[in-house]
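Chains, contacts and geometry: an overview
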Amino acid sequence: MEEQSKTIFDRPESLRDVVTHYCPGCTHGIIHRLVAEALDELGLRERTCGVAPVGCSVLCYNYYNCDFLEAPHGRAPALATGFKRLRPDMIVFTYQGDGDLASIGMAEIIHAANRGEKFTTIFVNNAIYGMTGGQMAPTTLEGQITSTCPNGRNLEDVGHPIRVSELLATLATPSYIERVSVHSPMHIIKAKRAIKKAFELQAENKCFTMIEVLSTCPTNWGITPGDSLDWVEKNLLAYYPLGVKKRPDQGDK
Amino acid sequence: MAKILMKGNEAIAEAAIRAGGKHYFCYPITPQTEVAEYLARRMPEVDGVFLQGESEIAVGNMVFGAAATGKRVFTSSSSPGISLMQESLSYIAGAQLPVVILNVMRGGPGLGGILPAQSDYFQAVKGGGHGDYRIICLAPSTIQEAVDLTIEAFYIADKYRNPVMIIADGMIGQMMEPVEFPDEINEPELPPKTWAATGAKGREPNIIKSLYLDPLRLEDNSIVLYKKYEEVKKNEVRFENYKVNKKNKVLIVSYGTMARICQTVIDELEAEDISVGLFRPISLFPYPEAALKEEADRANIKTVLTVEMSMGQMVEDVERVVKGAKPVKFFGRTGGIVPTPDEVKEQIKYLLRSESAKG
Amino acid sequence: MSQYEVTWAGFGGQGVMVAGQLLAYTGIAEGKQIVWIPSYGPEMRGGTAYCTVVVSDRRIGSPIIRFPQAAVVFNRPSFDKFTPTIKPGGLLVVNSSLIDVTTERDDLTEILVPANQMAMEAGSPKVVNIAMLGAFIGACEIVSLDNVKKTLEDKLGKKKDLLGINMKILQAGYDLAKNTIAGRATSES
Ligand SMILES: Cc1ncc(C[n+]2csc(CCOP(=O)(O)OP(=O)(O)O)c2C)c(N)n1
Ligand code: SF4
């Protein structure tokens, strides 16, 4: 019997065939793909609505092939709440950076998580404000230099970097929270599994799910794409331990 | 002092320090993030306070708290961020605290864009937040003027115990021009800030607030504010005329970056023997009503043309002032598009053609 | 001169913004009115950076310059974008190390500067912009070469090695422009 050639790698249907605006070496694109693959594999694309943040990924609606809302900075969880309450049959996800979610949008995310809103948040933590050119984020590491902490983050002045997943995991209601990374193929595979799981749980009508993804920003970290992956491994992983922070059986009202 | 080349954002930041505005709270937003980045470096050198807040809502209220100490405080943002500060501005004005705010306007509504615009005029001049209050609003058209007005703004804010907004646009924020800072700043004496919360030692406690459940008391507070704004209208009007004379057929009214583009228009039309003058409001509140009325009323003026980087906001004030004495026309581009001198010239020539056709 | 406008354009990292600023500083030192206008916004992501410098004897009105008298272009996209905008009779300074075409316009003075080669020979890849600046000054003399040198001393005074390289390449760019123009004059006469 002759083997027919078969496609083993293709663009997911949930992504459009376009070039993204992300900088070389930025891992936003990988994360987009993982979400798209999950939506494809679960057959959810046609009943999904995403909510875009304000940050480098504000234009993600140009890359996803599903309905999308563009929220004000930090308010994606509030839009998602309003939307999902009226359309519980749809799948809703927010895609947010660390400035968007953990700084200006901290109130919205905590309350949405605490109410157990039935959407999924993809939280992209690159420890800096990308879009505005590299200012300090709530997740910026101790000593890390940014344009608004030119001498490095000083804990005495601005406190410790916030571990958002652990923080939200203290709430009783959320059903699933995991921190993953995409700086190596092995980590990407695990990240994919976590993201898919979150959407599965949402499809089963479970409460709030969030996947925090450690990501790179070579442009504003001021290092090469390759070094950025090492920087994630060495610095981000040390402060932001990967793993499940909240399991489905622990959550749910 | 020698002239130095500075970006508008950085020059304004330095001016704030020179004026004693050494207490600064911010949240990054294009096209004014350089103000924050500059002050992150500078504040430690001058023993000031620099803090990046978690949002503009927080920043507005950090400024509120900081101003209650009686020290000079400063914040800056751009349109979407200024929208979030409206809550605090209403409270700050209600509680009569001096603060200086910089708005480097970008295109809206919503997330809009990051290029220069003048579409926050209504928000700045007509309120923005709730209640009977006004913001004193100054609009520079060069970087030197931005420096000078910023320095003055701190004094004006203290004098009237009211927020003062420097309203610029992305062009003024981003471009560089030579500027000079005064060696020293001589301000007229102001009464001591006995209202500040400094600790009730040997005096009754100072309560900084805007709540008056008794409607008569609340009305009183609004009357106090109203009287203050009447004083502001008397004392703080600022404007500039450019080539305004008896030959002008058209009077342009324009402010900020747009006004300097109109200067080029006027120079170029002069070479073609078309006489146009420019009336440039510098204070948007208080609006230079009497001065504009006087110029617009002159017999030689056939048309008043308002030119803005918006769909037409200040033009409503121009109409209000001109009161139908002359036709008030509008030309503008928005969304980050800055009209070119050629576009404005075309508009003027068109107006003059239709004027003479009516004959 | 009453007003002169020049656009500097290239990739981010080629020093176009700095070259424009050095011109601006020199203009200030000569008592001229100056505006330096950067590109900012969506186009920055595309990798091209540009700024326009206006040098004037009088108060500068519009900072929006669509049609400058000169453009100094460091790469091909900038060449394509800005050559058509130059006013008739204007000046085009081209980094011929990276741009392998010349303009078809016959109403411009075009100066070809192998700036990357010159910089490598001078011992630093970072002074491409200074070669271009030298050539620009040589072609239009909008500010004096001596004053540009003073600006460089001012900015680099403490870094003696760097200053030496900068001075050398500034002069080389200047001479190249002068020779190009003189060469054309003789061949035409
Ligand atoms: C109300 C408001 N404030 C500020 C901004 C400016 N702004 C745009 S994106 C951004 C932060 C982006 O950082 P992050 O969320 O970490 O995402 P990244 O760009 O790093 O992916 C800010 C502050 C805005 N658009 N709106
Ligand atoms: S600025 Fe940073 S986060 Fe934004 S696209 Fe570039 S690398 Fe990615």
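The preceding data block contains the structure.
As a starting point, this report considers the structure included with it. (Residues numbered from 1 in each chain as written. Chains lettered and ligands numbered in written order. Predicted model: local features only at pLDDT ≥ 70, side-chain atom pairs only at ≥ 80, totals over all residues. Heavy atoms only, no water.)

**As for the overall build of chain C**
The number of helices and strands found in chain C is 6 helices and 6 strands. Going residue by residue from the N terminus, the α and β elements of chain C occur as β-α-β-β-β-α-β-β-α-α-α-α. The C-alpha radius of gyration computed for chain C amounts to 15 Å, which stays within 12% of the reference 16 Å derived for 189 residues, consistent with globular compactness. Projecting the C-alpha coordinates of chain C onto the three principal axes gives extents of approximately 40 × 40 × 40 Å. Considering only contacts within chain C whose residues lie at least 6 apart along the sequence, 59% involve residues at least 24 apart. For chain C, the accessible area works out to roughly 8300 Å², and carbon and sulfur atoms hold 54% of it. Here chain C contributes 19 positive and 18 negative side-chain charges, whose respective centroids are spaced 8 Å apart. (Helix = DSSP H or I, 4+ residues; strand = E, 2+ residues; numbered from the N terminus. Rg over C-alpha atoms; globule rule 2.2 N^0.38 Å. Contact = heavy atoms within 4.5 Å. Areas by Shrake-Rupley, 256 points an atom, 1.4 Å probe, with all protein chains shown as cover. Lys, Arg positive; Asp, Glu negative; His and termini not counted. Charge placed at Lys NZ, Arg CZ, Asp CG, Glu CD.)

**Digging into helix 5 (residues 86–94) of chain B**
Residue and element names in this part refer to chain B. With 7 of its 9 residues buried, helix 5 lies for the most part within the structure. Taken together, the buried positions of helix 5 are Gln86, Ser88, Leu89, Ser90, Ile92, Ala93 and Gly94. As for helix 5, its buried residues are in contact with helix 3 (56–67), helix 4 (79–84), strand 5 (99–105), helix 6 (121–126), strand 7 (163–169) and helix 9 (215–235). (Buried < 20%, exposed > 50% of the residue type's maximum accessible area, 1.4 Å probe, protein only.)

**Observations regarding the site of ligand 1**
What surrounds ligand 1 is a group of 21 residues, the closest being Cys56, Asp98, Asp100 and Gly130 of chain A together with Glu56 of chain B. Chains contributing residues near ligand 1 are chains A and B. In the model, an oxygen atom of ligand 1 is placed 2.8 Å from a nitrogen or oxygen of the Cys56 of chain A main chain. At 2.9 Å from an oxygen atom of ligand 1 is found a main-chain nitrogen or oxygen belonging to Gly99 of chain A. With 3 residues, helix 3 (residues 98–104) of chain A is the single largest residue contributor to the shell around ligand 1. Considering only residue class, the shell around ligand 1 consists of 10 nonpolar, 8 polar and 3 charged. (Near = heavy atom within 4 Å. Polar contact = N/O pair within 3.5 Å; in protein donor to acceptor, adjacent residues only side chain to side chain. Nonpolar A, V, L, I, M, F, W, Y, C, P; charged D, E, K, R; others polar.)

**Topic: the interface of chain B and chain C**
Tallying the contact residues gives 25 residues for chain B and 20 residues for chain C. In total, about 1900 Å² of surface goes out of reach between chain B and chain C, with carbon and sulfur atoms giving 65% of it. Three residues, Leu5, Met176 and Arg260 of chain B, lead the burial of chain B against chain C; their summed loss comes to 28% of the area buried on that side. The interface formed by chain B and chain C holds 1 salt bridge in total. Between Glu240 of chain B and Arg59 of chain C there is a salt bridge; the shortest N-O distance is 3.1 Å. In this assembly, chain B and chain C are joined by 7 residue pairs in polar contact (both at pLDDT 80 or more). Counting only elements with at least two residues in the side of chain B that touches chain C, the list comes to strand 1 (4–7), helix 8 (170–174), strand 8 (176–179), strand 9 (239–242) and helix 10 (256–271) of chain B. (Buried area = accessible area lost by both parts, 1.4 Å probe. Salt bridge = Lys/Arg side-chain N within 4 Å of Asp/Glu carboxyl O.)

**Points about the site of ligand 2**
Cys23, Cys26, Cys56, Cys217 and Asn220 of chain A are the nearest of the 12 residues found near ligand 2. Among the chains of the assembly, those with residues near ligand 2 are chains A and C. Here the shell around ligand 2 takes 3 residues from helix 8 (residues 218–221) of chain A, the largest share from any one element.

**So, the pairing of strand 5 (residues 91–95) of chain C**
Residues and elements named next belong to chain C. Buried residues dominate strand 5, accounting for 5 of its 5 residues. Side chains of strand 5 alternate between two faces, with Leu91, Val93 and Asn95 and Leu92 and Val94 buried alike. By the bridge criterion, 4 bridges tie strand 4 (residues 70–73) to strand 5 in an arrangement that is parallel. Across the sheet, residue Val73 finds its bridge partner in strand 5, namely Val94. Once the chain exits strand 4 it traverses helix 2 (residues 76–82) before rejoining the sheet at strand 5, and the crossover so formed is right-handed. Pairing between strand 5 and strand 6 (residues 109–113): 5 bridges, direction parallel. Paired with Val94 across the strands is Leu112, a residue of strand 6. (Pairing = 2+ DSSP bridges. Right-handed = clockwise from strand over helix to strand, strands pointing away.)

**Re the sheet that holds strand 13 (residues 303–308) of chain B**
All names here are of chain B. An order of 9-11-10-13-14 is seen for the 5 strands of this open sheet, with the pairing classed as mixed. The sheet is open, and its two borders are formed by strand 9 and strand 14 (328–332), each paired with just one other strand. Strand-to-strand twist across the sheet, computed as the mean angle between neighbouring axes with direction ignored, equals 20 degrees. Contacting strand 9, strand 10 (250–253), strand 11 (276–281) and strand 13, helix 10 crosses the sheet at an angle of about 165 degrees to strand 11. Relative to the sheet, helix 13 (residues 341–358) contacts strand 10, strand 11, strand 13 and strand 14, its axis offset from that of strand 13 by approximately 160 degrees. (Axes fitted to C-alpha atoms, helices over the stretch in contact; angles between N-to-C directions.)

**Considering the sheet that holds strand 2 (residues 23–26) of chain B**
All names here are of chain B. As summarised here, the arrangement of the 7 strands in space is 3-2-4-5-7-6-12, forming an open sheet in which the pairing is mixed. Each edge of the open sheet is held by one strand with a lone partner, namely strand 3 (49–52) and strand 12 (283–285). Sheet twist, expressed as the average angle between the axes of neighbouring strands with direction ignored, equals 20 degrees. By the bridge criterion, 4 bridges tie strand 2 to strand 4 (residues 73–77) in an arrangement that is parallel. Residue pairing in the sheet places His23 in a bridge with Val73 of strand 4. Most of the contacts of helix 2 (residues 33–45) go to strand 2, to which it runs at about 140 degrees, and overall it touches strand 2, strand 3, strand 4 and strand 5. Against the sheet, helix 3 makes contact with strand 2, strand 3, strand 4 and strand 5, and its axis sits at roughly 165 degrees relative to strand 4, the strand it touches most.

**Some thoughts on the environment of Tyr212 of chain B**
All names here are of chain B. Assignment of secondary structure puts Tyr212 in the loop between strand 8 and helix 9. For Tyr212, a relative accessible area of 17% puts it in the buried group. Setting aside its immediate chain neighbours within four residues, Tyr212 contacts Arg217, Leu218 and Asn221.

**Focus on the nonpolar core**
Most often, soluble globular proteins keep nonpolar side chains buried together rather than apart. By size, the foremost hydrophobic cluster in this structure holds 125 residues, and its most contacted members are Tyr24, Leu39, Phe74, Val318 and Ile348 of chain B. By residue number, the principal contributor to this core is helix 7 (residues 143–160) of chain B, which donates 10 residues. Composition of this core by domain shows at least three residues from each of domain 1 (4–235) and domain 2 (240–358) of chain B. Beyond its immediate sequence surroundings of up to four residues, Tyr24 of chain B is in contact with Gln32, Val35, Ala36, Leu39, Met43, Val49, Phe50, Leu51, Phe74, Thr75 and Ser76 of chain B. If you look at the next biggest cluster of nonpolar residues, it comprises 51 residues, including Phe74, Val113, Cys140 and Tyr174 of chain C. (Core = buried A, V, L, I, M, F, W, Y, C linked by side-chain atoms within 4.5 Å. Domains from an automatic or database assignment.)

**Digging into the packing of aromatic side chains**
Enumeration according to the criterion identifies 19 aromatic pairs over all chains in this entry. Between Tyr61 of chain A and Phe68 of chain A, the aromatic rings sit 6.4 Å apart at their centres with planes inclined by 65 degrees, giving edge-to-face as the arrangement. Grouped by ring-pair contacts, the aromatic residues Tyr61, Tyr64, Phe68, Phe93 and Phe199 of chain A constitute a single cluster. Sitting over the face of the ring of Tyr212 of chain B, Lys209 of chain B holds its NZ or CZ atom 4.3 Å from the ring centroid. (Phe/Tyr/Trp six-rings, centres within 6.5 Å; stacked < 30°, edge-to-face > 60°. Lys NZ or Arg CZ within 6 Å of the ring centre and 35° of its normal.)

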